[in-house]
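# Close look at the chain arrangement
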Amino acid sequence: MTVNSRPGRPVILGQNQYGKAENRVVRITRDGATHHIKDLNVSVALSGDMEDVHYSGSNAHVLPTDTTKNTVFAFAKEHGIESAEQFGIHLARHFVTSQEPIQRARIRIEEYAWERIATSEANSQFIGADEVKHSFVRKGQETRLTQITYDGSSWEVVSGLKDLTVMNSTNSEFWGYVKDKYTTLQEAHDRILATSVSARWRFNWTDDEQKMPHWEKSYEQVKKHMLQAFAETYSLSLQQTMYQMGARIINHRSEIDEVRFSLPNKHHFLVDLEPFGLKNDNEVYFAADRPYGLIEATILRDGCEPRIPVDLTNL
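A few points on the structure. (Residues numbered from 1 in each chain as written. Predicted model: local features only at pLDDT ≥ 70, side-chain atom pairs only at ≥ 80, totals over all residues. Heavy atoms only, no water.)

Once that is clear, we can look at the overall build of the protein. A tally of helices and strands in the protein yields six helices and 12 strands. In terms of overall dimensions, the protein has C-alpha extents of about 75 × 70 × 45 Å along its principal axes. A total of 315 residues make up the protein; the buried ones form 40% of that total. The long-range fraction of contacts in the protein, counting pairs at least 24 apart against all pairs at least 6 apart in sequence, stands at 67%. For the protein, the centre of its 36 positive side-chain charges and the centre of its 43 negative side-chain charges are spaced 2 Å apart. (Helix = DSSP H or I, 4+ residues; strand = E, 2+ residues; numbered from the N terminus. Buried < 20%, exposed > 50% of the residue type's maximum accessible area, 1.4 Å probe, protein only. Contact = heavy atoms within 4.5 Å. Lys, Arg positive; Asp, Glu negative; His and termini not counted. Charge placed at Lys NZ, Arg CZ, Asp CG, Glu CD.)

Further remarks concern the layout of surface pockets. Empty space within the largest pocket amounts to approximately 620 Å³. What lines the largest pocket is a set of 22 residues, and nearest its centre among them are L185, Q186, A188, R191 and F269. Top contributing element to the lining of the largest pocket by residue count: strand β10 (residues 268–270), with three residues. Looking at side-chain class alone, the lining of the largest pocket contains nine nonpolar, nine polar and four charged residues. The wall of the second largest pocket is formed by 20 residues, among which K38, E111, A113, W114 and K139 lie closest to the centre. (1 Å grid on protein atoms, 1.4 Å probe; cavity = no way out; pocket = protein on both sides within 12 Å on 5 of 7 lines; lining within 4 Å. Points joined across faces, edges and corners; volume = space filled by probe spheres on them. Nonpolar A, V, L, I, M, F, W, Y, C, P; charged D, E, K, R; others polar.)

Residue P291 is bonded to the preceding R290 through a cis peptide linkage, with omega at -5°. Tracing the chain through its elements places P291 in the loop between β11 (285–287) and β12 (293–300). Positive phi, normally seen in glycine, also occurs at E22, with a value near 55°. The phi dihedral of D163 falls on the positive side, at around 65°, and the residue is not glycine. Positionally, D163 belongs in strand β7 (residues 155–168).

Time to look at the pairing of strand β6 (residues 143–150). Burial analysis of β6 places eight of its eight residues in the buried class, the great majority of the element. Burial of β6 is two-sided: the residues T143, L145, Q147 and T149 facing one way and the residues R144, T146, I148 and Y150 facing the other way are all buried. One ladder, built from seven bridges, connects strand β3 (residues 102–112) with β6; its direction is antiparallel. Counterpart to R108 in the pairing with β6 is Q147. For β6 and β7, the ladder comprises eight bridges, and the chain directions are antiparallel. Along β7, the bridge assignment pairs T149 with E156. Linkage of β6 to β7, two consecutive antiparallel strands, is achieved through a turn of four residues, within which G152 is found at a positive phi near 95°. (Pairing = 2+ DSSP bridges.)

On inspection of all chains with the given rule, the structure shows 16 salt bridges. In the salt-bridge network here, residues are joined through shared partners; they are K38, E85, E111, R144 and E216. (Salt bridge = Lys/Arg side-chain N within 4 Å of Asp/Glu carboxyl O.)

Running from N to C, helix α5 (residues 215–232) and helix α6 (residues 238–252) cross one another at 140°; their axes reach a closest spacing of 8 Å. Compared by their axis directions, α5 and α6 come out oblique. At the point where α5 passes α6, the crossing takes the right-handed sense. Listed contacts from α6 to V222, H225, M226, Q228, A229, F230 and E232 of α5 are T241, Q244, M245, R248, I249 and H252. (Axes fitted to C-alpha atoms, helices over the stretch in contact; angles between N-to-C directions. Parallel < 35°, antiparallel > 145°, perpendicular 65-115°, else oblique. Left-handed = near helix turned anticlockwise from the far one by under 90°.)

Right, let's talk about the side chain of S47 for a bit. One can find S47 in strand β2 (residues 34–48). Beyond its immediate stretch of four places on either side in the chain, S47 contacts N16, Q17, P101, I102, Q103 and R104.

Turning next to the nonpolar core. Membership of the largest hydrophobic core comes to 53 residues, with the highest contact counts inside it found for V42, F87, I107, V197, W201, M226 and F261. A per-element tally of this core places helix α3 (residues 84–98) first, with seven residues. Contacts of V42, omitting those with residues within four sequence positions, involve K20, A21, E22, N23, V25, V72, F87, L91, I107, R108 and I109. (Core = buried A, V, L, I, M, F, W, Y, C linked by side-chain atoms within 4.5 Å.)

Glancing now at α5. Taking 1.5 Å per residue as the helical rise, α5 with its 18 residues ought to reach 26 Å, and the 26 Å between its terminal C-alpha atoms agrees with that figure. Taken together, the buried positions of α5 are W215, S218, Y219, V222, K223, H225, M226, A229 and F230. Projected down its long axis, α5 shows its buried positions confined to an angular sector of 165°, all on one face. Across from the buried face of α5, at angles greater than 90 degrees, the exposed residues are E220, A231 and E232. (Expected span 1.5 Å × (residues − 1). Arc of directions from axis to C-beta.)

Here the focus is the pairing of strand β9 (residues 256–265). Most of β9 sits out of view: 10 of its 10 residues are buried. Here strand β8 (residues 193–203) pairs with β9 via seven bridges, running antiparallel. By the bridge assignment for β9, F203 is matched with I256. In this structure, β9 lies alongside β12, joined through eight bridges in antiparallel fashion. Considered in β12, the bridge of V259 is made with I299.

See the structure below:
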């Protein structure tokens, strides 16, 4: 069995990390009869002085992944979950500052939103309460995301969302494009524009000395500006709409320097109804799920460097 600290051949260890992925934690906060839910899926990745465990199998610098799992649940109790970003910051700081071999922590979080179930007046009176404050239904619009990275001195927070499906039923065109012998697509001067938004945005908060953003308010406002731009842009291409969505965020949210989008074009094709003696006046469409156009871009504040990995929006 080989136990040498380094193999006797020209092979070296590259980037590496380890941790516990997809820790599902649900935190209930009971404010009297009113309850609040935070539902997270937390993945921890740690890196640092980990050469020995790879070369020789020595676990002297290894914090067990089971311990990282336990930390997630303990911190949900000890610190609560004010926001996905704040919870990730608590975790990242803890792992880097409490374990000398760990020099960098990356926390990825998906958040699943819940909203209260509205009850009828009759039911409320029947159970003897003015309002039911402990019943919820899972929201289905999108999944909220954040990624927190900490190296002991500086922070990088990249938040976002995925699976936010939107549609404009008009005010979209697509024409004047390049045509060759393989082109069959007909130009469209009134079409459906639909996509499922996957977006990430990077905050310019990087240091504990800076004022920390209000994470919950920021998310709500970014989503609002993104949707308003989608609705208000008369689109000649999905690229144009995507740029306007990013520009609206950069122009209205000073805490954000970079936005990256991955937008699949959810094609809607007019159905040929002439064989049935019917005229299709932009009323009946076939929604195709694949293949689909995939439009991706980064929109930056002037003077800033892009730092969001180009494939992060496809995770």
